[in-house]
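# Coordinate analysis (summary)
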Amino acid sequence: MAAAPRDTPLRVVVHMGFHKTGTTSAQRFLRRGGKHLWPVMALGLRQQLEPVLFATRAFSTWRDPLSLEKLRLHFAAYLDGLELGRKRDLLLSSEELAGHMAGRAGLPDYSAVPEIAEVIEACLLAQFPDARITFFFSLRAPGPWMQSAWAEHVKSSRMAFDFEAFCAANSAAADFAPVIEATRAVLKSPVETASLEDTATTPFGPATPLLDLMEVPQERRALLDPPQHMNQRRDPALLQALLELNRSDLDDTALKAAKAKLLGR
């Protein structure tokens with residue numbers, strides 16, 4: 001689809017990670033404010049990016065050229081279908097752009113991120129040669145990140161490690177600095193970061209850096225509802241019960257049902 005002539009260069013922000021850093025809260029905030037943000041930006045969240053995310057998750061697992069090529073094809077198709085007009089910019093936000101969450105079996109870190117980011121940037125520049133692109137990563141202190149990641153794996157998978165064993169097996173999972181530096185080294189675009197701890201007291205929480213990078217004007221921000229915090233810490237007794245279920249001999253169907261009952265679903 002041919003792009004309409006623009007009044008200003010296209011601004012693109014790619015928020016591609018990391019898991020458990022306030023991403024769910026930020027994305028829920030963006031969805032809730034969509035009618036106010038629509039005039040100034042297109043939002044690419046999980047619902048719009050699922051074929052792309054299927055490829056990023058696959059590449060983080062297999063690290064194979066075929067998954068990278070699928071990423072290239074799916075992302076190029078997504079970009080080709082956008083209708084941005086003369087003034088709207090583009091914000092992409094999904095932690096699964098970084099692949100699967102580190103700490104699952106066979107995936108001890110986020111070292112797949114630089115190659116994924118390189119493909120995303122190449123597709124953006126091919127579609128929008130004059131775009132002003134920024135990659136953004138939300139971060140979190142290692143201790144709280146490991147605790148939150150372990151809890152998520154216990155809830156969503158057959159994770160059988162207790163927290164101490166999980167940390168020992170995935171000691172680099174929350175070491176984000178080398179991933180950020182490796183990503184900067186392969187991209188032409190700037191890479192920005194902000195920690196969950198630093199955004200906690202900002203007006204829009206973990207979404208604040210995204211609004212800042214997109215240069216959303218104050219008069220439009222005034223229309224947005226306050227953020228809602230998501231994914232609060234789970235009760236330790238509940239996590240222990242889930243862990244015991246993971247260690248049981250229940251088949252996958254029975255395990256899923258037992259977990260749903262515990263979680264009140």
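A brief report on the enclosed structure follows.

Scoring rules and cut-offs
Residues numbered from 1 in each chain as written. Predicted model: local features only at pLDDT ≥ 70, side-chain atom pairs only at ≥ 80, totals over all residues. Heavy atoms only, no water. Core = buried A, V, L, I, M, F, W, Y, C linked by side-chain atoms within 4.5 Å. Buried < 20%, exposed > 50% of the residue type's maximum accessible area, 1.4 Å probe, protein only. Helix = DSSP H or I, 4+ residues; strand = E, 2+ residues; numbered from the N terminus. Contact = heavy atoms within 4.5 Å. Pairing = 2+ DSSP bridges. Axes fitted to C-alpha atoms, helices over the stretch in contact; angles between N-to-C directions. Phe/Tyr/Trp six-rings, centres within 6.5 Å; stacked < 30°, edge-to-face > 60°. Lys NZ or Arg CZ within 6 Å of the ring centre and 35° of its normal. Expected span 1.5 Å × (residues − 1).

To continue, consider the nonpolar core. M16, F75, Y110, L124, F135 and W145 are the most contacted members of the largest nonpolar core, which has 59 residues in total. Ranked by the residues each element gives to this core, the list is headed by helix 5 (residues 113-127), at seven residues. Those residues in contact with W145 that sit more than four places away from it in its chain are H19, K20, T21, M101, A102, Y110, R140, A173, A174 and F176. If you look at the next biggest cluster of nonpolar residues, it comprises 18 residues, including L37, L91, L210 and L211.

A word on the sheet that holds strand 3 (residues 89-93). Overall, parallel pairing links the five strands, which are arranged 2-3-1-4-5 in an open sheet. Whereas interior strands pair on both sides, the edge strands pair on one side only; in this sheet they are strand 2 (41-44) and strand 5 (191-195). If you compare each strand with its neighbour and ignore which way they point, the axes differ by 20 degrees on average. Relative to strand 3, strand 2 is paired through four bridges, and the arrangement is parallel.

Attention shifts here to the packing of aromatic side chains. The geometry of an aromatic ring pair is captured by the separation of the ring centres together with the interplanar angle, meaning the angle of the planes. All chains considered together, the criterion is met by nine aromatic pairs. Both rings, one in Y110 and one in F176, keep their centres 6.2 Å apart while their planes meet at 45 degrees; by these two values the pair is tilted. Residue Y110 is found in the loop between strand 3 and helix 5, and its partner F176 is found in helix 8 (residues 176-186); the two are separated by 66 residues along the sequence. Side by side, Y110 and F176 carry an identical accessibility label, which is buried. These aromatic residues form a ring-pair network of at least three members: F18, Y110, F137, W145 and F176. One Lys or Arg, R88, reaches over the ring of W38 and ends 4.1 Å from the middle of that ring.

What follows deals with unusual backbone geometry. Of note, the bond from G17 into F18 is cis; its omega dihedral lies within 30 degrees of zero at 0 degrees. You can see F18 is positioned in the loop between strand 1 (11-15) and helix 1 (23-32). Its identity as a non-glycine residue notwithstanding, K20 has a phi of 60 degrees, on the positive side. Here K20 shows up in the loop between strand 1 and helix 1. Judged by its relative accessible area of 14%, K20 falls in the buried class. If you check the backbone angles, E215 has positive phi at about 55 degrees while not being a glycine. The topology assignment puts E215 in the loop between helix 10 (208-213) and helix 11 (218-221). Judged by relative accessible area, which is 48%, E215 ranks as partly exposed.

For helix 6 (residues 142-156), which comprises 15 residues, the first-to-last C-alpha distance of 21 Å matches the rise-based estimate of 21 Å (1.5 Å per residue) to within 8%. Inspection of helix 6 places W145, M146, S148, A149, W150, A151, H153, V154 and K155 among the buried residues, and these make up the whole buried set. Looking at the buried side of helix 6, the elements it contacts are helix 7 (163-169), helix 8, helix 12 (236-246) and helix 13 (252-262).

Taken across its five residues, strand 1 has five buried, putting it largely inside the fold. Judged by which residues are buried, strand 1 turns out to be covered on both faces: R11, V13 and H15 on one side and V12 and V14 on the other are all buried. Strand direction decides the pairing type here: strand 1 and strand 4 (residues 132-139), joined by five bridges, are parallel. Bridge pairing in strand 4 links H15 to F136. Alignment of strand 1 against strand 3, held across four bridges, turns out to be parallel.

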